[in-house]
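# Residue-level structural notes
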Amino acid sequence: MLLRVLFIPPLQFPSVTTVDNDLIAMSTLLGGYPYAIYPWDEPVALICSIRGDGQSVLNRCLDDSTIIEGPFLLVGSTDGALISMTDEQLDRYYPMFYYPERFYRRQQDHLLVASKLGSSQAPRILTREAKTPQPDRWLE
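Residue numbers run consecutively from 1 along every chain, following the written order of its sequence. Where totals are concerned, whole chains, interfaces and linings use all residues; where local detail is concerned, this predicted model gives features only for residues with pLDDT of at least 70, and gives and counts side-chain atom pairs only at 80 or more. Calculated side-chain values reflect all of the structure's heavy atoms, with hydrogen atoms and water omitted.

Numbering of helices and strands starts at the N terminus; helices are DSSP runs of H or I of at least 4 residues and strands are runs of E of at least 2. Summarising the element assignment, Ser49 is placed in strand β4 (residues 44-50). Between buried and exposed lies partly exposed: a residue is buried under 20% and exposed over 50% of the maximum accessible area for its type, with that area taken using a 1.4 Å probe on protein chains only. Of the residues examined, Ser49 reaches a relative accessible area of 12% and is grouped as buried. Within the structure, Ser49 has its side chain in polar contact with the backbone oxygen of Leu30 (distance 3.3 Å). Residues count as neighbours in contact if any of their non-hydrogen atoms are within 4.5 Å of one another. Dropping the residues within four chain positions of it, Ser49 is found in contact with Leu30, Gly31, Gly32, Tyr33, Pro34 and Tyr35. Residues adjacent in sequence count toward polar contacts only when both atoms are side-chain atoms; beyond that, a polar contact is any pair of N or O atoms within 3.5 Å, and within protein one must be able to donate a hydrogen and the other to accept it.

As structure tokens, then:
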């Protein structure tokens, strides 16, 4: 079954695409073993992966202490099952992740700085302990 998802690669703009609702298709697209996190109250899953090669590029900030590494997907969710995103969900999340982010380390205090590429928004300083999210659920 094909799912309509929002695909967000590092240093690029997001795109609406389709992906098979299976582990192999998502692993291929994301470049590693996929897992789901649910960072919002709305039934939307963020699917990212653990590559294990140490080569993941920092992609987008969810907040000032959580950074997603590598490409990721946003997918609808109901009762733990993945479903296509609705038009309303796409309208809400596409602008949230529209601008690619680049990350810089400030050497004097070891803080991460996130800059939205192409945006007039000022760079923001993240916490010292910015981390990647832990899985809420491994995909099967």
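Okay, the pattern of salt bridges next. Think of a salt bridge as a Lys or Arg side-chain nitrogen and an Asp or Glu carboxyl oxygen that are within 4 Å of each other. In the structure shown here, the tally under the stated rule is three salt bridges. Across the pair Asp87 and Arg4 runs a salt bridge, and its minimum N-O distance is 2.8 Å. Of the two residues, Asp87 sits in helix α2 (residues 87-96) while Arg4 sits in strand β1 (residues 2-8), which places them 83 residues apart along the sequence. Judged by relative accessible area, Arg4 falls into the partly exposed class, the value being 28%. We note a salt bridge from Glu101 to Lys116, for which the minimum N-O separation is 3.5 Å. Residue Glu101 is located in strand β9 (residues 101-106), and its partner Lys116 is located in strand β10 (residues 111-116); the two are separated by 15 residues in the primary sequence. When sorted by exposure, Glu101 lands in the same class as Lys116, which is buried.

As a further point, take α2. The set of residues buried in α2 consists of Gln89, Leu90 and Tyr93. For α2, the arc enclosing every buried residue in end-on projection is 95°, short of the 170-degree limit, so these residues lie on one face. Counted as exposed and oriented over 90 degrees from the buried face of α2: Glu88, Asp91 and Pro95. Where α2 is buried, its residues touch β1, β2 (15-20), β4 and β7 (72-78). It is the directions from the helix axis to the C-beta atoms that the arc portrays.

Classification of ring pairs uses Phe, Tyr and Trp, with its six-membered ring standing for Trp, and accepts pairs whose centres are within 6.5 Å; under 30 degrees between planes counts as stacked, over 60 as edge-to-face, and the remaining range as tilted. Under the definition given, this model contains six aromatic pairs. Arranged with centres 4.7 Å apart and planes meeting at 35°, the rings of Phe13 and Tyr98 form a pair that is tilted. Within this pair, whereas Phe13 is found in the loop between β1 and β2, its partner Tyr98 is found in the loop between α2 and β9, the two being separated by 85 residues in sequence. Note on Tyr98: relative accessible area 29%, which makes it partly exposed.

In this section: the pairing of β2. Note that β1 and β2 share six bridges and pair antiparallel. Note on β2: the bridge partner recorded for Leu3 is Val19. The antiparallel hairpin formed by β1 and β2 contains six residues in its connecting segment, where Leu11 sits at a positive phi of about 60°. A pair of strands counts as paired when DSSP detects no fewer than two bridges linking them.

Before going further, it helps to spend a moment on unusual backbone geometry. If you check the backbone angles, Leu11 has positive phi at about 60° while not being a glycine. Using a relative accessible area of 39% as the deciding quantity, one classes Leu11 as partly exposed. A positive phi angle, near 50°, is found at Asp79, a position not held by glycine. Mapped onto the secondary structure, Asp79 falls in the loop between β7 and β8 (81-83).

Nothing here speaks to function; it is all geometry.
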